[in-house]
Amino acid sequence: PEGQEPPPPGCTPSPSCAILGCGQTDNCGTYCGDCAPPPPPPPPPPGGGNSPPSKPGIPDEYKPSGATWDNCIFAGKSIPTFHWTYSDPNNDLQAAYEIEVDDNAAFAAPKFNHLVNVAATSYALDLSQDDNGDWLTALDWQTSYHWRVRVKDIPGAWSEWSSNNQFQTPNQAYPYSGFSWAPQTPNQGEVVVFTPDNSGYTYLWTITLGSATFTDNTTNASQNPHIIFNSRTNKVKLQVTQGSYSCTSQEYTISANLPLPGYREVSPFIWLKNFLLQLASGTKSLF
C-alpha cells in the first residue's frame, strides 16, 4: 500500500497472507490487503417482527350471533352485549379494540363506530359512544343488525376485522319490574300497599324473607297487593309477565318497626278512687 516501507532484503514472508488473512501485515512488513466490507444486515420484516393478532371469533357459548341481551335493567330498553375471542401468535397482550354496528352488512357510513384503548373481549352497546355521532340513537324493535370487531396488540398491530355477525332485536320492550310501597318504613302489623311501575300485566309477588300476610282481599297475584309484615326484616321481589316476555326485579328490603305500645285512657277519678282504697287498706293493716 502507499507509504509502506519495502520489505528488507532477503526477508522470507512468514506467515503468509493466506494464513494471516486480509487487513494483516506479515513479518516482512507486507500488507495483506483490505478486507471487503461486511454485507448489510437484512431489512427487518414488516412490523418489526411482530405478527398481528388472530382474527377475532365468537366463543362457543355465545354462538351464533355473539350477542347476549339485558332486557330488564332499564324500562323500555333491551341492551345487547357483544362477545369475541382474542389470541396472538406472539402471545402479545391486547391493547385496544374497535367495534362497528350497522343495519348495512357492508358497514357503509353512517354506522356506529367505537374505538376503545382497553383490553376486553366484550362490549355492551351504548349508542351515545358513537365516535362519529352520525348513527342511530336507539335500535328499532324486531330488526336485524350487524356487528364486527377488530383487536390491537401492545406492539401496535391490528387484526383483521371479524366476520360479519348478525343479531336480531326483540319484538317489543320487556315489561319493567320496578315497584314502590307505602309507607316506606311501616310498623309491624300495619298495612303496606305495593304499586308496580307499570300496570296491565301479570304479576307475581314473592316474599323471600320474613313473615307477612296478604290482606284486604289481595293475593300474591294482585296488581296492588296489601301486605302486613310480622317480622323486623323482610324482602320482596316482583315478576312481571307480558305474553312470552318476563322480568323479575331485584329483592327489596323492607324494615318493619316493632308495633307501638298500646295505651288505655283511664278517668282521673277512677285513679284517685283506687289510690284511696289502697291507702285505706294499708292503714287498716297497721291496727
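Quick note: structure is the one above.
As the structure is a prediction and not an experimental result, all values here were calculated from the model.

Asker: Mind showing me how you'd approach the overall build of the protein here?
Answerer: When helices and strands are tallied, the protein shows two helices and 15 strands. Buried residues in the protein amount to 29% of all 287 residues. Relative to all contacts within the protein whose residues are 6 or more apart in sequence, the contacts with residues 24 or more apart total 57%. About 17500 Å² of surface is accessible on the protein, with carbon and sulfur atoms providing 54% of the total.

Asker: Where do I start with the packing of aromatic side chains in this structure?
Answerer: Any aromatic ring pair is given by two values, namely how distant the centres are and how the planes are angled relative to each other. One pass over the structure, following the stated rule, counts 18 aromatic pairs. Aromatic ring contacts, followed pair by pair, group Trp-69, Phe-82, Trp-84, Tyr-97, Phe-112, Tyr-123, Trp-135, Tyr-145, Trp-147 and Phe-167 into a single cluster. The ring of Trp-158 carries Arg-150 above its face, with NZ or CZ at 4.2 Å from the centroid.

Asker: What should I look at first to understand the state of the cysteines in this one?
Answerer: Each disulfide consists of a covalent bond between the sulfur atoms of two cysteine residues. Scanning all chains against the criterion turns up one disulfide. Between the sulfur of Cys-72 and that of Cys-247 lies a disulfide, 1.9 Å long from S to S. Here Cys-72 and Cys-247 share a disulfide; its torsion about the S-S bond, -80°, makes the bridge left-handed. Residue Cys-72 is found in the loop between β1 (67–70) and β2 (79–83), and its partner Cys-247 is found in strand β14 (residues 245–248); the two are separated by 175 residues along the sequence.

Asker: I would appreciate a short explanation of the environment of Asp-60 in the present structure.
Answerer: Structurally, Asp-60 can be placed in the loop between α1 (17–20) and β1. Along the backbone, Asp-60 and Trp-84 are 24 residues apart, and their C-alpha atoms lie at a distance of 9.7 Å. One polar contact links Asp-60 to Lys-63, side chain to side chain, over a distance of 3.0 Å.

Asker: Mind showing me how you'd approach unusual backbone geometry here?
Answerer: Note: most residues except glycine have negative phi, and most peptide bonds are trans. In this structure, the amide linkage connecting Lys-63 to the following residue, Pro-64, adopts the cis form with an omega of 5°. With respect to the element layout, Pro-64 can be found in the loop between α1 and β1. Residue Pro-110 is bonded to the preceding Ala-109 through a cis peptide linkage, with omega at 0°. The phi dihedral of Asn-91 falls on the positive side, at around 60°, and the residue is not glycine. Turning to its location among the elements, Asn-91 is positioned in the loop between β2 and β3 (94–102). Since its relative accessible area comes to 68%, Asn-91 is described here as exposed.

Asker: Quick question: what am I supposed to make of the nonpolar core here?
Answerer: General note: in soluble globular proteins, nonpolar side chains tend to be found buried as a group. Core analysis: the biggest nonpolar cluster contains 18 residues, and Phe-82 and Trp-84 have the highest contact counts within it. Elements with a contribution of two residues or more to this core: β3, β4 (112–116) and β6 (144–153). Among the elements that line this core, the one with the most residues is β6, at four residues. Grouped together as the second largest cluster of nonpolar side chains are 13 residues, Trp-181, Phe-229, Leu-238 and Ala-256 included.

Asker: Hey, could you run me through the sheet that holds strand β11 (residues 212–215) in this one?
Answerer: Within a beta sheet, neighbouring strands are joined by backbone hydrogen bonds and run either parallel or antiparallel to one another. The sheet built from four strands is open, its strands ordered β8-β9-β12-β11 with antiparallel pairing. Sheet topology places β8 (179–182) and β11 at the edges, where each strand pairs with a single neighbour. For this sheet, the mean inter-axis angle between neighbouring strands, taken without regard to orientation, is 30°. Note: β11 against strand β12 (residues 226–229), four bridges, orientation antiparallel. By the bridge assignment for β12, Phe-214 is matched with Ile-227.

Asker: Would you mind showing me how to read the pairing of β4 here?
Answerer: Along any regular strand the residues' side chains alternate between the sheet's two faces. Burial analysis of β4 places four of its five residues in the buried class, the great majority of the element. Here β3 runs beside β4; their pairing, made up of five bridges, is antiparallel. Bridge pairing in β4 places Val-101 opposite Phe-112.

Quick notes on the rules
- Residues numbered from 1 in each chain as written.
- Predicted model: local features only at pLDDT ≥ 70, side-chain atom pairs only at ≥ 80, totals over all residues.
- Heavy atoms only, no water.
- Helix = DSSP H or I, 4+ residues; strand = E, 2+ residues; numbered from the N terminus.
- Buried < 20%, exposed > 50% of the residue type's maximum accessible area, 1.4 Å probe, protein only.
- Contact = heavy atoms within 4.5 Å.
- Areas by Shrake-Rupley, 256 points an atom, 1.4 Å probe, with all protein chains shown as cover.
- Phe/Tyr/Trp six-rings, centres within 6.5 Å; stacked < 30°, edge-to-face > 60°.
- Lys NZ or Arg CZ within 6 Å of the ring centre and 35° of its normal.
- Disulfide = S-S within 2.5 Å.
- Polar contact = N/O pair within 3.5 Å; in protein donor to acceptor, adjacent residues only side chain to side chain.
- Core = buried A, V, L, I, M, F, W, Y, C linked by side-chain atoms within 4.5 Å.
- Pairing = 2+ DSSP bridges.
- Axes fitted to C-alpha atoms, helices over the stretch in contact; angles between N-to-C directions.

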